[in-house]
Amino acid sequence: MLHEYKTIEKPIENTLLKEKGSKFIGFAFPVNNETELKKALEKVRTEHPKATHHCYAFRMGINGENYRANDDGEPSGSAGLPIYNQLLAHEITNVLVISVRYYGGTKLGVSGLVKAYKESAKITLEEATIITKELETEIEIQFNFNQQNLIFTLLSKFDAKVLNFDANENCILTASLKTAQKESISEKLSEMQYISFDFKE
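Here the residue numbering is sequential within each chain, running from 1 through the sequence in written order. Where local features are concerned, this predicted model is filtered to residues with pLDDT of at least 70; where side-chain atom pairs are given and counted, the filter is 80 or more; whole-chain, interface and lining totals use all residues. To obtain the side-chain values, all non-hydrogen atoms of the structure were included, while hydrogens and water were left out.

> Can you help me understand the pattern of salt bridges in this one?
Two side chains with opposite charge may pair up if their charged atoms get near one another. Salt bridges are defined as contacts in which a side-chain nitrogen from Lys or Arg sits within 4 Å of a carboxyl oxygen from Asp or Glu. Enumeration over the complete set of coordinates arrives at 8 salt bridges. In this structure, the salt-bridge partner of lysine 6 is glutamate 91, at a minimum N-O distance of 3.4 Å. With lysine 6 in strand β1 (residues 4-8) and glutamate 91 in the loop between α2 (80-89) and β6 (95-102), this residue pair connects regions lying 85 residues apart in the sequence. Each residue's exposure class comes from its accessible area (1.4 Å probe, protein chains only) as a fraction of the maximum for that residue type: buried when under 20%, exposed when over 50%, partly exposed otherwise. Taking relative accessible area as the criterion, lysine 6 reaches 32% and is therefore assigned partly exposed. Residue glutamate 138 pairs with lysine 200 through a salt bridge whose shortest N-O separation is 3.9 Å. One end of the pair, glutamate 138, is in strand β8 (residues 136-144); the other, lysine 200, is in strand β11 (residues 196-200), and 62 residues separate them in sequence. Classification of glutamate 138 as partly exposed rests on a relative accessible area of 32%. A cluster of three or more residues bridged by salt bridges with shared partners is formed by Glu13, Lys43 and Glu47. Strands are runs of DSSP state E lasting at least two residues, helices are runs of H or I lasting at least four, and both sets are numbered from the N terminus onward.

Okay, here's the thing in structure tokens:
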């Protein structure tokens, strides 16, 4: 099981590549879901309404299982795919790369386009800082009020972050911790009395 993935630290915007009068402007965004993806695409389209093409590719999911390459009107396979291949080459996921093209009057041909889009994605990603993120899981624990010290000590051992805590006679606590720790913390909690817990998927 993979518990971590590589992605980019923060957005990269407006890298520039010029090819026979055409301008290719590159963007890369860290995205975690469809909503963030749509927002980033919308933002670039709004900033460059007069561009000839907005080609992009993204990978999401720990193994990059959710992906798409979009040629946005360029010849099939000449834009989205070369961009997508750069995501693969950098071994990153949860990233969207957009290359905005302003046509300069000279046709580049399919092989010229492939080269230009690949290069645009490459220089954009080379500016990005690639970081490793660990997957996190949320856990909900129910316990008696007098057990809270016990629970908090355990959570800090596992570097868990408390997200929500309702302190009543029966306490309910939600925390997030690294997925890699899931089994170890389950074992510890299972050994304790009067405690129930559940992982949220």
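> Whenever I open this one, the environment of proline 11 confuses me. Can you help?
Its place among the elements puts proline 11 in the loop between β1 and β2 (12-19). According to the relative accessible area criterion, proline 11 is partly exposed, its value standing at 40%. The spacing of proline 11 and phenylalanine 145 is 134 residues in sequence and 44 Å in space, taken between C-alpha atoms. Not counting residues within four places of it along the chain, the set of residues in contact with proline 11 comprises Ala28, Phe29 and Pro30. Should any heavy atoms of two residues lie within 4.5 Å, those residues are considered in contact.

> What am I meant to see in the sheet that holds strand β10 (residues 170-178) here?
Across a sheet, strands are paired by hydrogen bonds formed along the backbone, either parallel or antiparallel in direction. Sheet architecture is open: 4 strands sit in the order β9-β10-β8-β11, paired in antiparallel fashion. Every interior strand has two partners, whereas the edge strands, β9 (161-166) and β11, have only one. The sheet shows a mean angle of 20 degrees between the axes of neighbouring strands, direction not considered. One bridge is not enough; two strands pair if DSSP finds at least two bridges between them. Pairing geometry for β9 and β10, over 5 bridges, is antiparallel. Residue phenylalanine 165 lies in a different strand from β10, and its bridge partner there is leucine 173. Contacting β8, β9 and β10, helix α4 (residues 148-157) crosses the sheet at an angle of about 165 degrees to β8. Angles shown run from 0 to 180 degrees and are taken between the N-to-C directions of axes, each axis being a line fitted to C-alpha atoms and, for helices, limited to the stretch in contact. Across the sheet, helix α5 (residues 182-191) is in contact with β8, β10 and β11; its angle to β11 comes to roughly 160 degrees.

> Explanation requested: the packing of aromatic side chains in the structure shown.
Centre distance and the angle of the planes are the two values used to describe a pair of aromatic rings. Only centres within 6.5 Å qualify two rings of Phe, Tyr or Trp (six-membered ring in Trp) as a pair; their planes then separate them into stacked at under 30 degrees, edge-to-face at over 60, and tilted for everything else. For the coordinates displayed, the defined rule picks out 6 aromatic pairs. The interplanar angle of 5 degrees and the centroid separation of 6.3 Å between the aromatic rings of phenylalanine 27 and phenylalanine 29 together place this pair among those described as stacked. A single burial state applies to phenylalanine 27 and to phenylalanine 29, both of which are buried. Ring plane angle 25 degrees and centroid distance 5.1 Å describe the contact between tyrosine 67 and tyrosine 84, whose orientation is recorded as stacked.

> Looking at this model, I keep getting lost on the environment of proline 30. Mind explaining?
As for its placement among the helices and strands, proline 30 is situated in strand β3 (residues 22-30). A residue is classified by how much of its surface remains accessible, and proline 30, at 26% relative accessible area, is partly exposed. Sequence separation of proline 30 and asparagine 94 is 64 residues, and the distance between their C-alpha atoms is 5.8 Å. Not counting residues up to four positions away in its chain, the partners in contact with proline 30 are Thr7, Ile8, Glu9, Lys10, Pro11, Glu36 and Asn94.

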